[in-house]
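Examining the three-dimensional arrangement
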Amino acid sequence: MKKLLSMTILLVFITTSAMAQTTSYKLKNGLTIILNEDHQQPSIYGCVVTKSGSKDDPSDATGLAHYLEHVLFKGTNEIGTTDWEQEKVHYDKIIALYDELQNATEEDIERIQKEINEESLLAGKFTVANEFSNIIQSIGGTGVNAGTGFDMTQFFNNFPAGQLEAWLEIYSHRFEHPVFRGFQAELETVYEEKNMYSDSPFSVLSEEFNNAYYGEKNPYGRPIIGFSEHLKKPSLSKLINQYEKFYVPGNMGLILSGDFNSEEAKVLIENTFGKWEANTLPVREPITKTSLKGNQKVKIKVTPIPVAMWGFPAVESGNKDEITLDIMCRLLSNSEQTGILDKYVIDGDIQNINVGLDSKINDGLIQILSVPIFDYNQLNFTPLSAVEKMIFKGIEELKSGTFEEWTLSAIQNKMCTEYELAKESGNSTGRILASIFASNQTIEDFKEYPTKVQSITKDDILKAAKTYLTDNYLTLFSSRGKAEKDKIEKPEIKPIEPSKGQVSDYSKRIAKITPNEKTPQYIDLKKDIIKETIAEKVNLFYNQNSKNNVFSLTLRYGVGNLEIPTLDLATSLMNKAGIMAMFTPHELKKEFAKISCSYHFSNNENYTYVTLTGQEENLAQACQLLSRTYILPALDDKQMDQLLGSIIGSRRMEKDEKDSQSDALDNYLSYHDNSPELTRLSNEDLKALTRSTLTADFIKATQYETSIHYVGKKPFNEVKETLLANLAIPSGLKESDSPKLIEGFNYSENTIYFLNNSDARQSDVHLVLLGENFSLDQQPIVNAFNQYFGGGFNGIVLQELRELRSFAYTAQASYSTPDIINKPAHLTGFIGVQADKTADAVTEFIKLIRELPEKPERIENIRSFLVQATLSTKPSFRYLSQNVEEWQRLGYKEDPSISKIEAYSNITFDDILDFYKNNIQNKPIAIAIVGNKKLVDIKKLEEIAKIKYLTPTKIFKD
């Protein structure tokens, strides 16, 4: 489950027209209901949120809110049990034993943990593993997840519009009668999560910054996941008390966003969530807002590169100055790079800058993060003190008001454009409505958001800058180094075996709820978009925008870095280009901002992209600017040096950093000498590059067969004329032979590669198995197999490796199909596991592949899920034409959903088994491990296959 960042204002993306469909009210029990009715969405996003997060953890039991999030997936007195009365006997004993563990001596801890394990095994005889997720899957639910932040915890997923009644019944019951079973196994999963974050230097940096700014006594200064000493001795009774205190209707909200009728939904909500009993609202100890005196300096060594951070006391969520401060931060740095500090990045003086407002319910700060330039000739970074001087020079420039008036207007317009864009997604709207509720703001307040944004004046900004960007702030410098790690070791326990092949009576009742069937809405590949060849080897794809006035234009050139190896560098440099004899790079960013437009260059292995987004009234002017940018790009040596320094500097660290090692080893596992880390340009080759060669390589990419995708309100013919008149389209384009595939390595026997990292707590384990050649008619059975084997919480992999054996926080597998038919597919897998459990995890993972557990009772659930999820999922109108182009390239003559649904309806469990036996079961498995060799049972690994030890020089090219 994803850990949420602290909830700031983010952006309120709901337009006035969308807000007219949005209502909010309270049930008699105090539960807040927020409904966003939008019939242009293909499904419904449902979320239950509570105004409680890690800030409410007791100081002697941190991590409880996060634990609570995990165990609220374990079911109720009816979900996840075959006999609650018998299970409860052991459940009550487990609660008592965890209380005993709180004050146990070292010699008693092992005995108590053993007793907990024994009672958990007995309770497991009456449990149905992951039944909550299975039930959600049975109604076509997707994206089942949850997140814990400082101020809120939320639980959510998407589901078909016709299943609203069933979803409301399931979620209301989930929180009305929860049972926190499987606590022992979930604790181990949280241990893995804690160790995983500890292996990530930038997660450590974030925790260190919060601790330095807020202090450990302030709950915002503690890690959301909790302190190690508290994780080692958790209390189930304290967790239950926490639930009873904070999960009360008056402190909770229900958010629905998508395709439903509000009046019908209100009746269903009253019949489900309305049955909850009202309860006393929680009373909290007040949190003292952070106050700093002077410049408080902290120096640490926890990151692979130097990083500087600053924190200025700011405002809490909902404060009258919140929007002003958001705009002020964007004037310093923003995504369009028009800010005062962004000039240092574009000019090549600083590698990276990020400025943002981090508002919480009881506190807030303005946070600035910066990374210095790496001088690849001197082989060192710019001193952080030099970066600091530039940052504060920029702050003084803001405070003095020397910025141009139009920059404020441009940022306000950009915020309103973003505001327009998010209502296009029911999910993003739902997530923001959840944050609105959690931050104690009202729907009415946010209806006025555009007006509030546009009302901010330059005087308001100057007043805010002088009020909040004062001499009282925190400075944190992190030099290169590694944080000390407080390892949490999992106890030796037996895995809990739940009852097999059974479902609860509750699950059977849900199956009897008749869904509100809706007529399937399929994409007509010929009618729903317009396609026309507007020049030789140039196809224009057009889709109508019925939502707003924001256009999007994507140019896709038929060549990528497999054909032109320097395109990654070229597109990076193009994002910092100006226009010869017209605009410097920073001036060009501002020219686009003046007309409320933004652009971006990117590429992948097979294609090169140019994207342009903005207000449609400025399309012609934006196309003219864009064309001049890639015809006459203006670049300088400092930008080139910055780019090369970033790459060469990161290469100096990658051989020691676990995440980089893991990614490179995974690529080596699949491709060997064709791995991207081995086929990339050497450092010497990089140094030999020039601005002109990279510019020429980008221009070369624009001379390939081109697809133009446009989404907007203007009619097709007007768009075509505008593009032909204002967009540079070269003639004599080369034919594209993309997509191409990197040739995978074919193993003849089981193989293990091991890369030693003595600092790693966790082992990263990658697996790959080369399958058979793929054909389109296989896609439905591939999807069915993936749902059975690797389908999230319901899949065999997560069920066996995480839920049953608690090996990992993350465990996944997928049979991946290639972009070209009649080319080999492959099974890939990953598990992050505590080092001393590595060999056991690998053994069990391979066993799952070699001896697939057979659970034929799941097939009806899988069929139902695949059909309903397919019917309720369709591409966003922003990307519809790109999807259609890809479908047609693969050979589809109609919406792929049509043939898939027909196939899903007839799939049997034997079909899944046959596919598995023919494509996976007996093929060689290759495994790659990054871990601490001293902690791994090497002898047990050698029983699986011969181990080949690799060094970083084997998988990285200098």
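Reading the values: the criteria
- Residues numbered from 1 in each chain as written.
- Predicted model: local features only at pLDDT ≥ 70, side-chain atom pairs only at ≥ 80, totals over all residues.
- Heavy atoms only, no water.
- Helix = DSSP H or I, 4+ residues; strand = E, 2+ residues; numbered from the N terminus.
- Buried < 20%, exposed > 50% of the residue type's maximum accessible area, 1.4 Å probe, protein only.
- Contact = heavy atoms within 4.5 Å.
- Areas by Shrake-Rupley, 256 points an atom, 1.4 Å probe, with all protein chains shown as cover.
- Lys, Arg positive; Asp, Glu negative; His and termini not counted.
- Charge placed at Lys NZ, Arg CZ, Asp CG, Glu CD.
- Salt bridge = Lys/Arg side-chain N within 4 Å of Asp/Glu carboxyl O.
- Pairing = 2+ DSSP bridges.
- Axes fitted to C-alpha atoms, helices over the stretch in contact; angles between N-to-C directions.
- Parallel < 35°, antiparallel > 145°, perpendicular 65-115°, else oblique.
- Left-handed = near helix turned anticlockwise from the far one by under 90°.
- Nonpolar A, V, L, I, M, F, W, Y, C, P; charged D, E, K, R; others polar.
- Expected span 1.5 Å × (residues − 1).
- Patch = residues over 30% accessible without salt bridge, like charges linked within 9 Å, V, L, I, M, F, W, Y side chains within 5 Å.
- 1 Å grid on protein atoms, 1.4 Å probe; cavity = no way out; pocket = protein on both sides within 12 Å on 5 of 7 lines; lining within 4 Å.
- Points joined across faces, edges and corners; volume = space filled by probe spheres on them.
- Phe/Tyr/Trp six-rings, centres within 6.5 Å; stacked < 30°, edge-to-face > 60°.
- Lys NZ or Arg CZ within 6 Å of the ring centre and 35° of its normal.
- pLDDT = per-residue confidence, 0-100.

Observations concerning the overall build of the protein chain
Helix and strand counts for the protein chain stand at 38 helices and 27 strands. Taken over the C-alpha atoms alone, the protein chain extends approximately 80 × 65 × 60 Å along its principal axes. Split into buried and exposed, the 958 residues of the protein chain put 61% on the buried side. Once local pairs closer than 6 in sequence are excluded, the contacts in the protein chain between residues at least 24 apart make up 85%. Accessible surface computed for the protein chain: about 38,400 Å², of which carbon and sulfur atoms make up 47%. Averaging the locations of the 105 positively and 131 negatively charged side chains of the protein chain gives two centres separated by 2 Å.

Quick look at the pattern of salt bridges
For the structure on display, the rule yields 46 salt bridges. Its salt-bridge partner being Lys-88, residue Asp-92 comes within 2.9 Å of it at the nearest N-O pair. Remark: Lys-88 and Asp-92 occur in helix H3 (residues 84–102); sequence separation between them is 4 residues, near one turn of the helix. It is possible to trace a salt-bridge network through shared partners that takes in Glu-100, Asp-108, Arg-111 and Glu-115.

What to know about the sheet that holds strand S23 (residues 762–773)
With mixed pairing, the 6 strands of this open sheet are ordered in space as S24-S25-S23-S26-S22-S27. The sheet terminates laterally at strand S24 (808–816) and strand S27 (947–950), the two strands that pair on one side only. Direction aside, the axes of adjacent strands within the sheet are offset by 15° on average. Direction of pairing for S24 relative to strand S25 (residues 824–834): antiparallel, over a ladder of 7 bridges. By the bridge assignment, Ala-811 is partnered in S25 with Ile-831. Those strands touched by helix H25 (residues 658–671) are strand S22 (751–756), S23, strand S26 (926–931) and S27, and its axis lies near 20° from that of S23.

Remarks on the packing of helix H2 (residues 64–71) against helix H7 (residues 183–198)
Running from N to C, H2 and H7 point in directions that differ by 125°, and their axes come no closer than 10 Å. Judged on the interaxial angle alone, H7 and H2 are oblique. The crossing of H2 and H7 is right-handed. Along its contact with H2, which presents His-66, Tyr-67, His-70 and Val-71, the element H7 presents Phe-183, Glu-186, Leu-187, Thr-189, Val-190, Tyr-191 and Glu-193. In terms of residue class, the contact of H2 with H7 is made up of 6 nonpolar, 3 polar and 2 charged.

A look at the sheet that holds strand S15 (residues 538–544)
If you walk across this open sheet you meet the 6 strands as S14-S15-S21-S16-S19-S18, and the pairing is mixed. Strands with a single pairing partner mark the edges of an open sheet, and in this sheet they are strand S14 (530–535) and strand S18 (597–603). Strand after strand, the sheet turns through a mean of 15° between neighbouring axes, direction not considered. Where S14 and S15 come together, 5 bridges link them in antiparallel fashion. Looking across to S15, one finds that Ile-530 is bridged to Tyr-542.

Observations concerning helix H32 (residues 838–850)
Every α-helix carries 3.6 residues per turn, so stepping three or four residues along brings you back to the same face. Taking 1.5 Å per residue, 13 residues should reach 18 Å; H32 reaches 18 Å between its end C-alpha atoms and fits that length. Along H32, the positions that sit buried rather than exposed are Thr-838, Ala-839, Ala-841, Val-842, Glu-844, Phe-845, Ile-846, Leu-848 and Ile-849.

Structural notes on a negative patch on the surface
Residues Glu-854, Asp-910, Asp-911 and Asp-914 make up a contiguous surface patch of negative charge. Looking at where Asp-910 falls in the secondary structure, it is placed in helix H36 (residues 909–919).

Digging into empty space enclosed by the protein
In this approach a probe as big as a water molecule rolls over the atoms, and the regions it shows empty are the leftover space. This structure, assessed with the given rule, holds 8 cavities of 30 Å³ or more. Roughly 370 Å³ of volume is contained in the largest cavity. Together, 25 residues line the largest cavity, and Lys-74, Thr-127, Arg-181, Gly-182 and Ile-496 are the ones closest to its centre. Sorting the residues of the lining of the largest cavity by element identifies H3, helix H4 (106–124), H7 and helix H31 (796–804) as the ones contributing at least two each. Of the residues assigned to the lining of the largest cavity, the class counts are 12 nonpolar, 8 polar and 5 charged. Quantified by volume, the second largest cavity comes out at close to 160 Å³. For the second largest cavity, the lining is made up of 15 residues, of which Glu-336, Ala-410, Ile-411, Lys-414 and Ala-593 are closest to its centre. Among the secondary structure elements, those contributing two or more residues to the lining of the second largest cavity are helix H15 (405–422), S18 and strand S19 (608–615). In terms of residue count, H15 provides more of the lining of the second largest cavity than any other element does, 4 residues in total. Along the lines of polarity and charge, the residues of the lining of the second largest cavity split into 4 nonpolar, 8 polar and 3 charged.

Re the packing of helix H5 (residues 131–138) against helix H6 (residues 164–176)
With their axes 10 Å apart at the nearest point, H5 and H6 run at an angle of 165° to one another. Put simply, H5 runs roughly antiparallel to H6. For the pair H5 and H6, the sense of crossing is left-handed. Facing Phe-132, Ile-135 and Ile-136 of H5, the residues of H6 in contact are Trp-167, Ile-170, Tyr-171 and Arg-174. Across the contact of H5 with H6, the residue classes tally to 6 nonpolar, no polar and 1 charged.

A word on a nonpolar patch on the surface
Residues Met-580, Ile-631 and Leu-632 make up a contiguous nonpolar surface patch of about 280 Å² in total accessible area. Looking at where Met-580 falls in the secondary structure, it is placed in the loop between strand S17 (578–579) and helix H22 (585–594).

Looking at the packing of aromatic side chains
Applying the stated criterion across every chain yields a total of 44 aromatic pairs. Ring plane angle 70° and centroid distance 5.1 Å describe the contact between Phe-155 and Phe-175, whose orientation is recorded as edge-to-face. In this pair, Phe-155 sits in strand S5 (residues 153–159) while Phe-175 sits in helix H6, placing the two residues 20 residues apart along the sequence. By the burial criterion, Phe-155 is buried, and Phe-175 matches it. Measuring from ring centre to ring centre gives 6.4 Å for Phe-175 and Tyr-247, while their planes differ by 15°; the resulting arrangement is stacked. In this pair, Phe-175 is assigned in helix H6 and Tyr-247 in the loop between helix H10 (236–246) and strand S6 (252–258), connecting sequence segments 72 residues apart. Assessed through its relative accessible area of 3%, Phe-175 is described here as buried. Look at Tyr-247 and you get buried, because its relative accessible area is 8%. Members of the aromatic cluster, joined through ring pairs, are Phe-73, Phe-132, Phe-155, Phe-159, Trp-167, Tyr-171, Phe-175, Phe-180, Tyr-243, Tyr-247 and Phe-793. The lysine or arginine in question, Arg-174, covers the ring of Phe-73, its NZ or CZ lying 4.4 Å from the ring centre.

Notes on the confidence of the model for the protein chain
The predicted coordinates ought not to be read in detail in places where the model reports low pLDDT. Counting all residues, the mean pLDDT for the protein chain is 92, and 97% of those residues have values of 70 or more. Taken together, the stretch residues 1–20 has pLDDT below 50 and engages in 71 contacts with residues farther than four places along the chain or on a different chain.

Brief notes about the pairing of strand S3 (residues 44–50)
With 7 of 7 residues buried, S3 lies mostly within the body of the structure. Burial along S3 is two-sided: the face carrying Ile-44, Gly-46, Val-48 and Thr-50 and the face carrying Tyr-45, Cys-47 and Val-49 are both buried. By the bridge criterion, 7 bridges tie S3 to S5 in an arrangement that is antiparallel. From the neighbouring strand, Ile-44 faces S5, where its bridge partner is Phe-159.

Quick look at the environment of Arg-111
Checked against the element boundaries, Arg-111 lands in helix H4. A relative accessible area of 36% means that Arg-111 is categorised as partly exposed. Sequence-wise, Arg-111 and Leu-101 are 10 residues apart; in three dimensions their C-alpha atoms are separated by 9.6 Å.

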